[in-house]
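An overview of the molecular structure
One letter stands for each residue in the lines below.
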Amino acid sequence: MATTASTAPRPREAVREAVYVWEGRDKSGRPLKGEMRAGGESVVAASLRRRGIMASKIRKQTFARGRSISEKDLAVFTRQLSTMLRAGVPLMQCFDIVARGHPNPAMARLLNDIRADVETGTNLNQAFRKYPIQFDALFCNLVAAGEQAGILETLLDRLASYKEKTIAIKGKIKKALFYPIMILVVALLVIGVIMVFVIPAFKNVFTSFGADLPGPTLAVIALSDFTVKWWYVILIALGGGIYFAIQSWRRSPRVKMLVDRALLKPPVIGELMMKAAVARWSRTLATTFAAGVPLVEALDSVGPAAGNEVYAEATRRIQTDVNVGISLGQSMQNSGVFPAMAVQMTTIGEETGALDGMLSKVAEYYEREVDEVVDALASLLEPMIMVVLGVIVGGIVIAIYLPIFKLGQVV
């Protein structure tokens, strides 16, 4: 008996599509031009013929590589998409408008690829999930919830606000740490120049004195000789050490945990890191819970969003406790990493049925606290750095001039 198995159609291989720019004329001879996403030039020509257009030129559009896609690019895109959907602009047209006007070619390519997936019938959240580097689980889950409930523009607006506030709080932390780091880098450069160029010149002068040099001067000269002889080893060791530390922090969960735990201990820096982590943790949970995501599932996205491995580990324990019936407030208190005010307001939110509102208030409070700590840190670090640099550079200068003072006394 014949079987139909051999006649079953084989799955068609996926064709990689690209954007093509075409020029041609319609049946009346009027010149036309445009763009089309297709699997090849022949596909473009066939599609144009069906529309009564004879193509005279078809070429594949090339994009500049562009910079990498930043969080700000994604936040701006989310805000634009939400605004246009609220205004009644069709989804495909939204992607066209944003992609064509975007200054970053990499972002434009990403949006064109997502648009092509949606055109073929893929859900928007599924299209986003193909790019996990740019769109995390939180983003995709909220988009999925918005599609199912028919409130996509509302959840995109919440997502945009969430991303904007997250970027703002990260910027404040970078602002607080940028100034002291730059001062230290400049100080190291100045000290290196003194050791390599200035002190050897004084050494030649001191040699002509024919007298014993003070101990501090001998120590500085010895350090200068070592720096002049092994400067390339010092640079390689310093650069390699920084690179190894960064890679270890990125790749090793144990190292990341040790670093993040250490950052929470210093008096002012630790307070800043704690309040920033609590603000981001509360903001993320408020956004996901308000979108209708169940609490246990919402906690999946909250831990990584806190930006600190200590809070990510605490979130995993909280998720386990909540899953067995313990309240969120009690679980936060048991973790031992959340301040009392955050725990109390979360408990009140659970009891009154306004958990998302209370978590938003917690986030707003600690975001304001971050602002105050950043200002206090800037005013505190500036004099401390100046004192340290003054002691180091001043000590070197005094050590250099001690033999000259001694010689002046003899004369």
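The notes below deal with the structure included here. (Residues numbered from 1 in each chain as written. Predicted model: local features only at pLDDT ≥ 70, side-chain atom pairs only at ≥ 80, totals over all residues. Heavy atoms only, no water.)

Looking at the overall build of the protein
When you go through the protein residue by residue, the secondary structure sums to 15 helices and three strands. In terms of C-alpha radius of gyration, the protein reaches 31 Å, well past the compact-globule figure of 22 Å for 411 residues. By principal-axis analysis of the C-alpha atoms, the protein measures approximately 115 × 65 × 55 Å. Sequence separation of 24 or more characterises 60% of the internal contacts of the protein that already satisfy a separation of 6 or more. (Helix = DSSP H or I, 4+ residues; strand = E, 2+ residues; numbered from the N terminus. Rg over C-alpha atoms; globule rule 2.2 N^0.38 Å. Contact = heavy atoms within 4.5 Å.)

Here's the deal with the nonpolar core
Membership of the largest hydrophobic core comes to 77 residues, with the highest contact counts inside it found for Ile 114, Phe 128, Phe 135 and Trp 281. Counting residues per element, this core draws most heavily on helix H15 (residues 355-410), at 12 residues. Setting aside chain neighbours within four positions, we find Trp 281 in contact with Leu 299, Val 302, Ala 306, Tyr 311, Thr 315, Ile 318, Leu 328, Met 332 and Phe 338. The next biggest cluster of nonpolar side chains, apart from the first, holds 10 residues, and it includes Ile 191, Ile 199, Phe 206 and Ile 221. (Core = buried A, V, L, I, M, F, W, Y, C linked by side-chain atoms within 4.5 Å. Buried < 20%, exposed > 50% of the residue type's maximum accessible area, 1.4 Å probe, protein only.)

Here's the deal with a nonpolar patch on the surface
Nonpolar side chains collect at one region of the surface, where Phe 226, Trp 230, Trp 231, Tyr 232, Val 233, Ile 234, Leu 235 and Ile 236 lie side by side and expose about 800 Å² of accessible area between them. Considering the arrangement of structural elements, one finds Leu 235 in helix H8 (residues 215-251). Among the residues examined, Leu 235 registers a relative accessible area of 53% and is labelled exposed. (Patch = residues over 30% accessible without salt bridge, like charges linked within 9 Å, V, L, I, M, F, W, Y side chains within 5 Å. Areas by Shrake-Rupley, 256 points an atom, 1.4 Å probe, with all protein chains shown as cover. Salt bridge = Lys/Arg side-chain N within 4 Å of Asp/Glu carboxyl O.)

A few points about helix H2 (residues 71-86)
With 16 residues, H2 extends 23 Å between its outermost C-alpha atoms, agreeing within 8% with the 22 Å of an ideal straight helix rising 1.5 Å per residue. Looking at the packing, one finds that the buried side of H2 touches helix H3 (91-101), helix H4 (105-119), helix H5 (124-129), helix H6 (137-149) and helix H7 (152-207). (Expected span 1.5 Å × (residues − 1).)

Regarding the side chain of Thr 288
Tracing the sequence through the fold places Thr 288 in helix H10 (residues 267-290). A residue is classified by how much of its surface remains accessible, and Thr 288, at 2% relative accessible area, is buried. Apart from the residues lying within four places of it in its own chain, the contact partners of Thr 288 are Leu 138, Leu 142, Val 293 and Ala 298.

Observations regarding the layout of surface pockets
Quantified by volume, the largest pocket comes out at close to 1,400 Å³. Glu 71, Lys 170, Trp 249, Arg 280 and Gly 307 are, among the 37 residues lining the largest pocket, the residues nearest its centre. At 10 residues, the largest contribution of residues to the lining of the largest pocket is made by H7. A class-by-class count of the residues in the lining of the largest pocket yields 22 nonpolar, six polar and nine charged. (1 Å grid on protein atoms, 1.4 Å probe; cavity = no way out; pocket = protein on both sides within 12 Å on 5 of 7 lines; lining within 4 Å. Points joined across faces, edges and corners; volume = space filled by probe spheres on them. Nonpolar A, V, L, I, M, F, W, Y, C, P; charged D, E, K, R; others polar.)

Re the packing of H10 against helix H11 (residues 295-305)
Close contact between H10 and H11 brings their axes to 9 Å; oriented N to C, the two are set at 150°. The element H10 and its partner H11 pack so that their crossing is right-handed. The residues of H11 that touch H10, namely those facing Arg 280, Trp 281, Thr 284, Leu 285, Thr 288 and Phe 289, are Leu 295, Ala 298, Leu 299, Ser 301, Val 302 and Ala 305. Class assignment for the residues of the contact of H10 with H11 results in eight nonpolar, three polar and one charged. (Axes fitted to C-alpha atoms, helices over the stretch in contact; angles between N-to-C directions. Left-handed = near helix turned anticlockwise from the far one by under 90°.)

Quick word on the packing of aromatic side chains
Any pair of aromatic rings gets described here by the distance separating the centres and the angle formed by the planes. Under the criterion given, the structure shown has 11 aromatic pairs. Judged by centre distance (4.9 Å) and plane angle (85°), the ring pair of Tyr 365 and Tyr 366 falls under edge-to-face. Each member of the aromatic cluster is reached from another via a ring pair, and the members are Phe 77, Phe 95, Phe 128, Phe 135 and Phe 139. (Phe/Tyr/Trp six-rings, centres within 6.5 Å; stacked < 30°, edge-to-face > 60°.)

Regarding the side chain of Ser 282
With respect to the helices, strands and loops of the structure, Ser 282 is situated in helix H10. For Ser 282, a relative accessible area of 2% corresponds to the buried category. Setting aside residues no more than four positions away along its own chain, Ser 282 makes contact with Leu 359, Val 362 and Ala 363.

Remarks on the pattern of salt bridges
A complete count under the given rule lists 13 salt bridges for this structure. With a closest N to O distance of 3.0 Å, Glu 164 and Arg 79 form a salt bridge. Of this pair, Glu 164 sits in helix H7 while Arg 79 sits in helix H2; the two residues are 85 residues apart in sequence, bridging distant segments of the chain. Glu 164 sits in the partly exposed class, given a relative accessible area of 37%. A residue is classified by how much of its surface remains accessible, and Arg 79, at 23% relative accessible area, is partly exposed. Across the salt bridge formed by Arg 316 and Glu 309, the nearest N and O atoms sit 3.2 Å from each other. Residue classification places Arg 316 among the partly exposed positions, given a relative accessible area of 41%. Three or more residues joined by partner-sharing salt bridges are found here, namely Arg 79, Asp 157 and Glu 164.

Some words on the state of the cysteines
The full count for this structure, using the stated rule, is zero disulfides. No disulfide involves Cys 94; its nearest neighbouring cysteine sulfur is the one of Cys 140, lying 18 Å away. Exposure remark for Cys 140: the relative accessible area of 2% places this residue in the buried category. (Disulfide = S-S within 2.5 Å.)

Focus: the packing of helix H9 (residues 253-263) against helix H12 (residues 309-323)
Viewed as axis vectors pointing N to C, H9 and H12 meet at an angle of 105°, and their least axial separation amounts to 7 Å. Classed by the angle they form, the pair H9 and H12 counts as roughly perpendicular. Taking contact as the criterion, the partners of Lys 256, Met 257, Asp 260 and Arg 261 in H9 are, on H12, Glu 309, Val 310 and Glu 313. Of the residues contributing to the contact of H9 with H12, the split by class is two nonpolar, no polar and five charged. (Parallel < 35°, antiparallel > 145°, perpendicular 65-115°, else oblique.)

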